[in-house]
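Report on the structure
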Amino acid sequence: MSMILNKLNNMKVYKYRSIEGDVFKRDFETIRSNCFYSSNYSMLNDPFDIYFKEELSRVINILKILFPYKEVDNFENQLKEVLNFKEEIGVYCLSTDFLNEQLWAYYASSYSGYCIEYDLDKLIDKGQNVDFEYQFPIDYKDNIPTLVIDDIIDLQNNFIQKMFATKKSAWKHEEEFRLIFSKYGLKKFHESAITGIYFGVKTPEVIKESFYGLFENRNVKFYEVFPSNFKLEYRLLKEFKKRKKYDINKFDFEILRTRANQWEETFDIYYKGNEKGELEIKEFVLAFREEYCIKENSLTLFNNKEILSLIDSYSLTDEEYIKYADSIITIISGEEVEICNPFKDSKYNEIKKQ
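As the structure is a prediction and not an experimental result, all values here were calculated from the model.

When its secondary structure is counted, the chain shows 10 helices and 18 strands. Put simply, the chain has 354 residues, and 45% of those count as buried. Partitioning the contacts of the chain with sequence separation of at least 6, the portion at a separation of at least 24 is 74%. Roughly 19,600 Å² of accessible area belongs to the chain as shown, and the carbon and sulfur atoms make up 49% of that amount.

Below you can see the structure in the form of structure tokens.
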């Protein structure tokens with residue numbers, strides 16, 4: 001079986017968690033429900049978080065004198081709404097480092113807690129949370145971020161970054177990565193978003209066993225983090241694999257291209273098996289969906305990969321149209337697995353007659 005062409009390694013991000021008091025029970029139930037909590041800014045532990053100055057109001061006041069038009073008033077009102085947006089947003093704070101000594105000490109009960117490893121792409125899937133807005137590595141500064149008129153030109157990388165993803169340099173050791181949602185509160189994730197759990201060297205066995213039971217039928221690895229040679233290292237404790245109904249490895253195929261939006265995934269696949277074997281193809285589709293798909297999907301199976309250059313071409317010649325149609329084994333969308341080639345239509349038949 002061939003792997004996805006040119007597939008990049010998925011970025012991993014990490015959440016350190018404590019086991020003190022009722023925190024573990026609350027967090028464990030949240031994880032069991034495939035959820036996490038994005039906090040209101042007032043709940044963040046840095047008093048200077050989402051703390052900024054702005055010079056835009058002064059500029060607007062000057063514009064209102066020079067250009068006393070309604071449009072300037074409208075812009076002022078919109079600016080106020082954006083600046084007040086911080087009262088509503090949800091923030092989920094993560095790290096890009098799972099071997100951070102300070103984070104294990106501060107946020108993981110002094111190595112008695114645990115650290116969750118997420119697949120970032122799946123965590124920010126708008127199909128799970130339509131209110132997901134932005135992702136940022138934190139920008140660490142020694143001065144208060146100031147919003148100026150030029151920041152409006154690059155709204156995300158300047159304006160939003162300064163407002164919601166800038167912290168004092170004193171926090172630089174956290175290597176924070178931040179997700180921003182338009183509303184704070186519980187957010188959902190697909191169960192495959194969690195790919196690993198790291199336990200501290202002091203994590204009680206009862207905590208470990210709780211996670212083993214929760215993830216026994218998922219693709220999750222468990223590690224222990226421990227001190228060695230004056231640094232933190234880690235070792236694999238257990239690895240669980242999701243029990244599959246179908247065996248994708250029995251099929252020979254190559255994924256030519258993938259696309260996704262918040263509702264659907266689309267795959268173009270070079271299928272190397274028997275293109276006339278309807279039962280075989282149906283089993284392949286079910287196995288493929290079980291292995292790769294996490295949302296509604298559409299699969300197009302081709303009998304060659306040279307056709308890749310014609311995919312999504314909107315100006316096919318008659319010869320190219322016939323070539324494209326003859327290259328398709330089936331196009332499948334929806335839950336039903338039915339062999340179908342909509343390109344072998346009246347146009348196809350008319351061209352073949354010529």
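Moving on, we get to the pattern of salt bridges. The full count for this structure, using the stated rule, is 27 salt bridges. Two residues, Lys250 and Glu283, come together in a salt bridge whose shortest N-O distance is 3.2 Å. Taken as a pair, Lys250 in the loop between strand E14 (231–240) and strand E15 (253–260) and Glu283 in helix H8 (residues 278–292) lie far apart in primary sequence, 33 residues in all. One salt bridge in this structure joins Asp268 and Arg259, with 3.1 Å as the shortest N-O distance.

Take the pairing of strand E12 (residues 194–199) next. Along any regular strand the residues' side chains alternate between the sheet's two faces. For E12, a buried count of 6 out of 6 residues is recorded, marking the element as mostly surrounded by other parts of the structure. Summarising the sheet, strand E5 (residues 114–119) and E12 pair through 5 bridges and their orientation is antiparallel. Residue pairing for E12: Tyr114 is matched across the bridge by Phe199. Bridge count for E12 against strand E13 (residues 220–228) is 4 bridges, and the pairing is parallel. Within E13, the residue paired with Phe199 across the bridge is Glu224.

Turning our attention to the packing of aromatic side chains. Under the definition given, this model contains 41 aromatic pairs. Relative to Tyr212, the ring of Phe199 lies with its centre 6.1 Å away and its plane at 85 degrees, an arrangement referred to as edge-to-face. Pair noted here: Phe199 is in strand E12 and Tyr212 is in helix H7 (residues 205–214), with a separation of 13 residues, a long-range link. Of the residues examined, Phe199 reaches a relative accessible area of 0% and is grouped as buried. Residue Tyr212 is classed as buried on the basis of its relative accessible area, which comes to 8%. A centroid spacing of 6.2 Å and a plane angle of 10 degrees characterise the contact between Phe211 and Phe215, whose relative ring orientation is stacked. The burial state of Phe211 is the same as that of Phe215; both residues are buried. An aromatic cluster of three or more residues is present, and its members are Phe24, Phe28, Tyr114, Phe199, Phe211, Tyr212, Phe215, Phe222 and Phe240. Above the face of the Trp171 ring, Lys167 is positioned so that its terminal group lies 4.4 Å from the ring centre. The ring centre of Tyr212 lies 5.1 Å from the NZ or CZ of Lys238, which sits over that ring.

Here we come to unusual backbone geometry. Phi is positive for Glu175, close to 45 degrees, though the residue is something other than glycine. Residue Phe230 is not a glycine yet carries a positive backbone phi of 65 degrees.

Its volume calculated, the second largest pocket comes out at about 840 Å³. Looking at the lining of the second largest pocket, the elements that each hand over two or more residues are strand E1 (12–17), helix H1 (23–32), strand E2 (35–38), strand E4 (90–95), helix H4 (101–107), E5 and strand E10 (176–181). Looking at side-chain class alone, the lining of the second largest pocket contains 19 nonpolar, 6 polar and 10 charged residues.

In space, the 4 strands of this open sheet follow the order E15-E16-E17-E18, with mixed pairing throughout. Looking at strand neighbours, the two that pair on one side only are E15 and strand E18 (328–333), the edges of this open sheet. Ignoring which end each strand starts from, the neighbouring axes of this sheet average 15 degrees apart. Two elements, strand E16 (residues 264–271) and strand E17 (residues 296–302), share 7 bridges in a ladder whose sense is parallel.

With respect to the element layout, Ser109 can be found in the loop between H4 and E5. Reaching out from Ser109, the side chain makes a polar contact with the backbone nitrogen of Ile19 at a distance of 3.0 Å. If we ignore the near neighbours within four places in the chain, the residues touching Ser109 are Ser18, Ile19, Glu20 and Trp104.

Here the focus is a negative patch on the surface. There is a patch of like negative charges on the surface, built from Glu264, Glu296, Glu335, Glu336 and Glu338. Among the structural elements, Glu336 can be located in the loop between E18 and helix H10 (346–353).

Once that is clear, we can look at the packing of helix H9 (residues 318–327) against H10. Interhelical geometry of H9 versus H10 gives an angle of 120 degrees and a closest axis separation of 10 Å. Taken as axis vectors, H9 and H10 run oblique relative to one another. For H9 against H10, the interelement crossing comes out left-handed. Of the residues in H10, those touching H9 at Asp318, Tyr321, Ile322, Ala325 and Asp326 are Lys347, Tyr348, Ile351 and Lys352. Among the residues making up the contact of H9 with H10, the classes are represented as 5 nonpolar, no polar and 4 charged.

Parameters at a glance
Residues numbered from 1 in each chain as written. Predicted model: local features only at pLDDT ≥ 70, side-chain atom pairs only at ≥ 80, totals over all residues. Heavy atoms only, no water. Helix = DSSP H or I, 4+ residues; strand = E, 2+ residues; numbered from the N terminus. Buried < 20%, exposed > 50% of the residue type's maximum accessible area, 1.4 Å probe, protein only. Contact = heavy atoms within 4.5 Å. Areas by Shrake-Rupley, 256 points an atom, 1.4 Å probe, with all protein chains shown as cover. Salt bridge = Lys/Arg side-chain N within 4 Å of Asp/Glu carboxyl O. Pairing = 2+ DSSP bridges. Phe/Tyr/Trp six-rings, centres within 6.5 Å; stacked < 30°, edge-to-face > 60°. Lys NZ or Arg CZ within 6 Å of the ring centre and 35° of its normal. 1 Å grid on protein atoms, 1.4 Å probe; cavity = no way out; pocket = protein on both sides within 12 Å on 5 of 7 lines; lining within 4 Å. Points joined across faces, edges and corners; volume = space filled by probe spheres on them. Nonpolar A, V, L, I, M, F, W, Y, C, P; charged D, E, K, R; others polar. Axes fitted to C-alpha atoms, helices over the stretch in contact; angles between N-to-C directions. Polar contact = N/O pair within 3.5 Å; in protein donor to acceptor, adjacent residues only side chain to side chain. Patch = residues over 30% accessible without salt bridge, like charges linked within 9 Å, V, L, I, M, F, W, Y side chains within 5 Å. Lys, Arg positive; Asp, Glu negative; His and termini not counted. Charge placed at Lys NZ, Arg CZ, Asp CG, Glu CD. Parallel < 35°, antiparallel > 145°, perpendicular 65-115°, else oblique. Left-handed = near helix turned anticlockwise from the far one by under 90°.

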